[in-house]
Amino acid sequence: MIRALLLLFTLAFAVPAAAQDSDFVPAGTQTVEDIMARQRALADGDESVRAVRDRQGGPDEAVADGIGLTADGTMGQTNDWSDPGIWRGVRYDDLDMRSQIRGPAATTLIQTGGMEWLERRAGPLRVWGGGLLFFTLVALGIFFLLRGRIRIDGPRTGRTLVRFRVYERFAHWLLAGSFLALAVTGLLVLFGRIAIIPIFGHEVWGPVAIVTKWVHNNISWAFMLALVMVFVLWVLQNIPDRSDWQWLKRAGGIFGGGHVPAKKFNAGQKAIFWAVIILGASLSVSGLSLLFPFEMPLFASTFTHLNDWGIGGLFGGLPTDLAPQEEMQLSQLWHGIVAFVMIAIIFAHIYLGSIGMEGAYDAMGKGRVEEQWAREHHSIWADKVMAERDDPRRKQTGSPDANPTPAE
Ligand code: HEM
């Protein structure tokens, strides 16, 4: 009896001990080498979400792998969903997931693209965007040193012409004021953490960030309203025509000297106008998609069209199967890129509309410009306005343009 008990005891402990001591590995179990090999491959290769996915396989491969806990609780081949397979499915949004939380992104628990987005936002967007603004300012500074202020060449007449009416100036300053507020707060959102926290600390950045976000989100409506107003008021005068070609061929006379005939807006101003309208519209749409998260996905449908037109092929085919978060991340990056380009253009505009050109600011400041300035920079427009002003029939009607006001 004692011998039988001893045999039983020995058998009970001997089998697991033998299994621990030997190199026995249950079928399908991942070894440390497997994991290290996969990590090496990840480190070597393309880290894009889809490349990783192709290399690791999706849920189908996970079923084939079938690695996980078997019915009796030991690691091994399950021929069913495995832990890695499940997490892979979670990661690539391929599982039929349900959640009590309502919302388009509620069932996306892991979104690998978030890391790529974070790196692009913290890296190239800040570096290239900040660089663009810096070099634009440097270029304008050099231009100012070389060319100096563009002066009114001829003798002043003492008379002025109406250039912008009060509602036009209101639209312009609403656009300018809101844009500048958005530019400053937008730059704070992007650079605040690295620029403010190291100097002033978290205590300062906290309230600044709250105000910044509030201003940015709410002033955007004023910008969109002003953009529509400016478009409606000035679109007809900004349609390109033959006079623009002459102006462009001589670069507006900036380098060769002399003045090139121009209508109310010259080709350079038309370029600014269309840049403001197109970039401003793109900023508005991508901004709205950020303001209403997951409600306005823009990129999957845009990429589908670009692929259909063959443009996507230039980039190796653009992805059209985007997770809701990926849509948001692309909106944010696009919003940032467009904003940087527009701010750089506006730097040049502000320069020319203020210190860069004598007499230009009066157009938006007072609404009237010196007649000589108008003759030099917008001769076709000036001739037309002066002809109308001097028309005896208009003088009788008492039109507001009829009586020239002496310049102050
Ligand atoms: C805050 C500084 C700004 C100043 C001093 C300024 C000045 C001016 C001036 C003087 C004009 C009239 C030029 C003329 O009579 O031919 C003008 C026009 C215009 N401004 Fe501004 N502006 C400023 C900001 C902005 C901003 C931020 C935007 C857009 C986001 C903008 C958009 C426009 C557009 C579309 C025009 C008409 C086309 C053109 O003249 O280029 N401005 N601005």
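1. Remarks on the site of the ligand
As a matter of local geometry, the ligand sits amid 21 residues, with Ala 176, Gln 269, Ile 272, Gly 353 and Ala 363 nearest to it. Taken together, the elements giving at least two residues each to the shell around the ligand come down to α7 (166-195), α11 (267-291), α13 (324-353) and α14 (361-365). Looking at which element gives the most residues to the shell around the ligand, the answer is α7, with 5 residues. Here the shell around the ligand is built from residues that sort into 15 nonpolar, 5 polar and 1 charged.

2. Structural notes on the packing of helix α6 (residues 113-147) against α13
One can describe the packing of α6 onto α13 by two numbers: an axis separation of 10 Å at closest approach and a directional angle of 5 degrees. It follows from the interaxial angle that α6 and α13 lie roughly parallel. Between α6 and α13, the residues in contact are Gly 113, Gly 114, Trp 117, Arg 120, Arg 121, Leu 125, Gly 129, Leu 132, Leu 133, Thr 136, Leu 137 and Leu 140 and Gln 325, Glu 326, Gln 329, Gln 332, Leu 333, Gly 336, Phe 340, Ile 343, Ala 344, Phe 347, Ala 348 and Tyr 351, respectively. Residues belonging to the contact of α6 with α13 are distributed by class as follows: 13 nonpolar, 8 polar and 3 charged.

3. Details of unusual backbone geometry
In most cases, non-glycine residues show a negative phi, while peptide bonds are predominantly trans. Positive phi values are uncommon outside glycine, yet Ala 251 reaches one of about 50 degrees. One can find Ala 251 in the loop between α10 (242-249) and α11. Look at Ala 251 and you get exposed, because 12 C-beta atoms sit within 10 Å.

4. Some thoughts on the packing of α7 against helix α9 (residues 202-234)
Helix packing for two helices is described by the angle between their axes and how far apart those axes are. Direction vectors running N to C along α7 and α9 enclose 145 degrees, while the axes themselves pass 7 Å from each other. The handedness of the crossing between α7 and α9 comes out as left-handed. A per-class count over the contact of α7 with α9 returns 20 nonpolar, 8 polar and 1 charged.

5. Observations concerning the confidence of the model for the protein
Low-confidence regions, as indicated by low pLDDT, have predicted coordinates that should not be scrutinised in detail. With 75% of its residues at a pLDDT of at least 70, the protein reaches an overall mean of 82. Long-range and interchain partners of residues 62-70, a stretch whose pLDDT sits below 50, account for 29 contacts in this model, where long-range means more than four residues apart. Across residues 75-80 the pLDDT falls below 50, and counting only partners more than four positions away or on other chains, this stretch makes 16 contacts in the model.

6. Here's the deal with the environment of Lys 366
Relative to the helices and strands, Lys 366 is located in the loop between α14 and β4 (368-370). Under the C-beta neighbour-count criterion, Lys 366 is labelled partly exposed, with 16 such atoms within 10 Å. When the C-alpha positions of Lys 366 and Val 162 are compared, they lie 9.0 Å apart, and in sequence the two are 204 residues distant.

Parameters and conventions
Residues numbered from 1 in each chain as written. Predicted model: local features only at pLDDT ≥ 70, side-chain atom pairs only at ≥ 80, totals over all residues. Near = placed C-beta within 6 Å. Helix = DSSP H or I, 4+ residues; strand = E, 2+ residues; numbered from the N terminus. Nonpolar A, V, L, I, M, F, W, Y, C, P; charged D, E, K, R; others polar. Axes fitted to C-alpha atoms, helices over the stretch in contact; angles between N-to-C directions. Parallel < 35°, antiparallel > 145°, perpendicular 65-115°, else oblique. Contact = placed C-beta atoms within 7 Å. Buried ≥ 20, exposed ≤ 12 C-beta atoms within 10 Å, placed from the backbone. Left-handed = near helix turned anticlockwise from the far one by under 90°. pLDDT = per-residue confidence, 0-100.

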